[in-house]
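As a plain string of letters, each chain reads:
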Amino acid sequence: MFINNQFFKIFRYMGLKIGIISMGSKSSRMILEEADNFFDEADHIDIRKIEVKIDDKTTVLYDGEPLKDYDCLYMRGSFRYSSLLYAISEHFKDKCYVPLEANSHVIAHDKFKTHLKLSQVSSIKMPATYFTAKITETKSFLKTLNYPIILKFPSGTHGKGVIFAESYSSAASMVDALDVFSQPVLIQDYIHINSDIRVIVAGDKIIGAMRRFAQKGEVRANSHQGGDAEPYLVTPEVKRMSIDAAKKIKADVCAIDLIESDYGPQILEVNSSPGLQKITETTKKNIAGEIAHFLFEETLRRKDLKNKSDSKDLNKDMGIEEIGSRDLVTELKMNAGRIILPEFASKQSEFWPGEEVVVKTSKGKIEITKG
Ligand SMILES: Nc1ncnc2c1ncn2[C@@H]1O[C@H](COP(=O)(O)OP(=O)(O)O)[C@@H](O)[C@H]1O
Ligand SMILES: [Mg+2]
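This text gives an overview of the structure that appears in the document. No experiment lies behind these values; they were computed from the predicted model shown.

Each helix and strand counted, the protein has 11 helices and 21 strands in total. Split into buried and exposed, the 371 residues of the protein put 43% on the buried side. Accessible surface, the protein: about 20400 Å² in total, of which carbon and sulfur atoms supply 51%.

Right, let's get into the sheet that holds strand 12 (residues 205-213). With antiparallel pairing, the 5 strands of this open sheet are ordered in space as 13-12-11-14-15. Edge positions in the sheet fall to strand 13 (228-231) and strand 15 (264-271), since each of these pairs with one other strand and no more. The average angle at which neighbouring strand axes cross in this sheet is 30°, direction not considered. The sheet contact formed by strand 11 (residues 195-202) and strand 12 spans 7 bridges and is antiparallel. Residue pairing in the sheet places alanine 202 in a bridge with lysine 205 of strand 12.

Take the side chain of lysine 111 next. Considering the arrangement of structural elements, one finds lysine 111 in helix 5 (residues 111-118). In this structure the side chain of lysine 111 is engaged in a polar contact, spanning 3.4 Å, whose partner is the side chain of glutamate 269.

Geometrically, the link from tyrosine 147 to proline 148 is a cis peptide bond, its omega value of 5° lying close to zero. By the element assignment, proline 148 lies in the loop between helix 6 (135-142) and strand 8 (149-152). Its identity is not glycine, yet aspartate 63 carries a phi of approximately 60°, on the positive side. Structurally, the position occupied by aspartate 63 is in the loop between strand 4 (58-62) and strand 5 (65-66). Given a relative accessible area of 54%, aspartate 63 falls into the exposed group. Despite not being glycine, lysine 250 has its phi angle at roughly 65°, a positive value.

Let us now look at the coordination of the magnesium ion (ligand 2). Donor atoms from the polypeptide that bind the magnesium ion (ligand 2) are Asp257 (OD) and Glu269 (OE), placed at 2.0 to 2.1 Å. With a gap of 12 residues between them, aspartate 257 in strand 14 (residues 253-261) and glutamate 269 in strand 15 connect regions that are remote in the sequence. Judged by its relative accessible area of 4%, aspartate 257 falls in the buried class. Taking the relative accessible area as the measure of exposure, glutamate 269 reaches 14% and is therefore buried.

In a packed pair of helices, the relevant descriptors are the angle between the two axes and the axis-to-axis distance. In contact at an axis separation of 10 Å, helix 5 and helix 8 (residues 236-249) are set at 110° when each is read in the N-to-C sense. Classified by the angle between their axes, helix 5 and helix 8 sit roughly perpendicular to one another. Contacts between helix 5 and helix 8 pair Thr114, Lys117 and Leu118 from the former with Ala245, Lys248 and Ile249 from the latter. Within the contact of helix 5 with helix 8, the residues separate by chemical class into 3 nonpolar, 1 polar and 2 charged.

With that out of the way, let us pick up the nonpolar core. A general feature of soluble globular proteins is that nonpolar side chains tend to end up buried together. Membership of the largest hydrophobic core comes to 54 residues, with the highest contact counts inside it found for Phe39, Val199, Ile256, Ile267, Ile291 and Leu295. With 8 residues, the single largest contributor to this core is helix 10 (residues 287-317). Split by domain, the residues of this core number at least three in each of domain 1 (5-103 + 290-302) and domain 2 (113-123 + 194-271). Among the nonpolar cores identified, the runner-up in size contains 15 residues, and Ile45, Val60, Tyr70 and Val98 belong to it.

So, on to the pairing of strand 8. Looking down a regular strand, the side chains alternate between one sheet face and the other. Burial of the side chains of strand 8 extends over both faces: Ile149 and Leu151 are buried on one face and Ile150 and Lys152 on the other. Two strands pair when backbone bridges link them, and strand 8 and strand 9 (residues 162-165) are joined in this way by 4 bridges, in the antiparallel orientation. Along strand 9, the bridge assignment pairs lysine 152 with valine 162. By the bridge criterion, 4 bridges tie strand 8 to strand 10 (residues 185-189) in an arrangement that is antiparallel. By the bridge assignment for strand 10, leucine 151 is matched with isoleucine 187.

This part is about the sheet that holds strand 5. Spatially, 3-4-5 is the arrangement adopted by the 3 strands of the open sheet, whose pairing is antiparallel. At either margin of the open sheet sits one strand with a lone partner, and together these are strand 3 (50-54) and strand 5. Inspection of the sheet shows strand 4 paired to strand 5 by 2 bridges, in the antiparallel sense. From the neighbouring strand, tyrosine 62 faces strand 5, where its bridge partner is glutamate 65.

This next bit is on the pattern of salt bridges. On inspection of all chains with the given rule, the structure shows 18 salt bridges. For aspartate 176, the salt bridge goes to lysine 139, with nearest N and O atoms at 3.0 Å. Of this pair, aspartate 176 sits in helix 7 (residues 168-180) while lysine 139 sits in helix 6, placing them 37 residues apart in sequence. Given a relative accessible area of 36%, aspartate 176 falls into the partly exposed group. One salt bridge connects arginine 302 with aspartate 252, and the closest N-O pair in it is separated by 3.9 Å. With arginine 302 in helix 10 and aspartate 252 in the loop between helix 8 and strand 14, this residue pair connects regions lying 50 residues apart in the sequence. Overall, aspartate 252 belongs to the partly exposed group, its relative accessible area being 22%. When salt bridges with common partners are traced through the structure, they connect Asp252, Glu298, Arg301 and Arg302 into a single cluster.

What counts, and at which threshold
Residues numbered from 1 in each chain as written. Chains lettered and ligands numbered in written order. Predicted model: local features only at pLDDT ≥ 70, side-chain atom pairs only at ≥ 80, totals over all residues. Heavy atoms only, no water. Helix = DSSP H or I, 4+ residues; strand = E, 2+ residues; numbered from the N terminus. Buried < 20%, exposed > 50% of the residue type's maximum accessible area, 1.4 Å probe, protein only. Areas by Shrake-Rupley, 256 points an atom, 1.4 Å probe, with all protein chains shown as cover. Pairing = 2+ DSSP bridges. Axes fitted to C-alpha atoms, helices over the stretch in contact; angles between N-to-C directions. Polar contact = N/O pair within 3.5 Å; in protein donor to acceptor, adjacent residues only side chain to side chain. Donors = N, O, S within 2.8 Å, 3.2 Å for Na, K, Ca; no water. Parallel < 35°, antiparallel > 145°, perpendicular 65-115°, else oblique. Contact = heavy atoms within 4.5 Å. Nonpolar A, V, L, I, M, F, W, Y, C, P; charged D, E, K, R; others polar. Core = buried A, V, L, I, M, F, W, Y, C linked by side-chain atoms within 4.5 Å. Domains from an automatic or database assignment. Salt bridge = Lys/Arg side-chain N within 4 Å of Asp/Glu carboxyl O.

Now the structure itself:
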């Protein structure tokens, strides 16, 4: 196990709180359980009980009451909730650590928007894709293609919105059928797949990767389509493309779906709230624990940065001169013969209450070091 609970428990006094906003899926619960090992408080926030009220200011209500303060708000949810997730992320982005930027929910839930965004990154390759709102345009374009092709719903998941068309006539009749339901459709080059890969990104790291296999007679290799999987050792190219994609979408935690083709790896999509069961089972790694650990470290890092800038502001307000990063000129305070150090000294030294320290004194000098 990578977690030394004793070590992390010393952080608990800081009272760091995480809220995981989700539908309460198995994967979200796995992360919540792991987050409880790191954070002082880890709450499940049911997305269905959230309301956003906008009048002269924005209020996010949970079960009718303003949502309480958190140090980290990690949001997961399906396409149906992307506008709500957008609103909540936007509202809390300056108040606490929000691992997925508001827009990343909207982009990741739309394969066309994802494609557009990732096409701006030079390291990323993707299958050639075509999209139009007008069916007549689509049909004339279908005539110009080499078959087979792939038709996709921009917001489909679990392989359900992916259609394989082996000829112009089958593609044209599918497009007609989709038009009856006013469904926009995305047309993509069919890529002969050597490997179907899923990687999970957390910050600058790949925390899990698997290769998925389609069932016999099936084009789609998603695990929801019953395919098998094995652990996958990421190549430097897959690693680079996946981390670049997550950065471009501004999702600190996400899954990237790629295919290994004869022309190298290509990205298919970004998943902003990936399922964790199949990848945990396949890699035998505690992926939920890795995500919780990452969220904790990042929350702590941001809190620390904020404290540092707050202490600078405090110094300014109190008219204290800061020399370098450690030396401060101030007036010594004493109470009943005991020296009271200013708050910025405790903050900058990063001592914990109750910590064992060595106090060395001589005339005109006190030195306190960790014991
Ligand atoms: N352009 C393509 N060429 C070949 N196979 C594809 C292509 N696009 C998707 N697939 C297959 O369909 C699966 C699902 O596609 P994907 O775009 O990831 O949508 P979903 O959101 O349904 O997972 C992929 O994992 C892959 O096996
Ligand atoms: Mg996929």
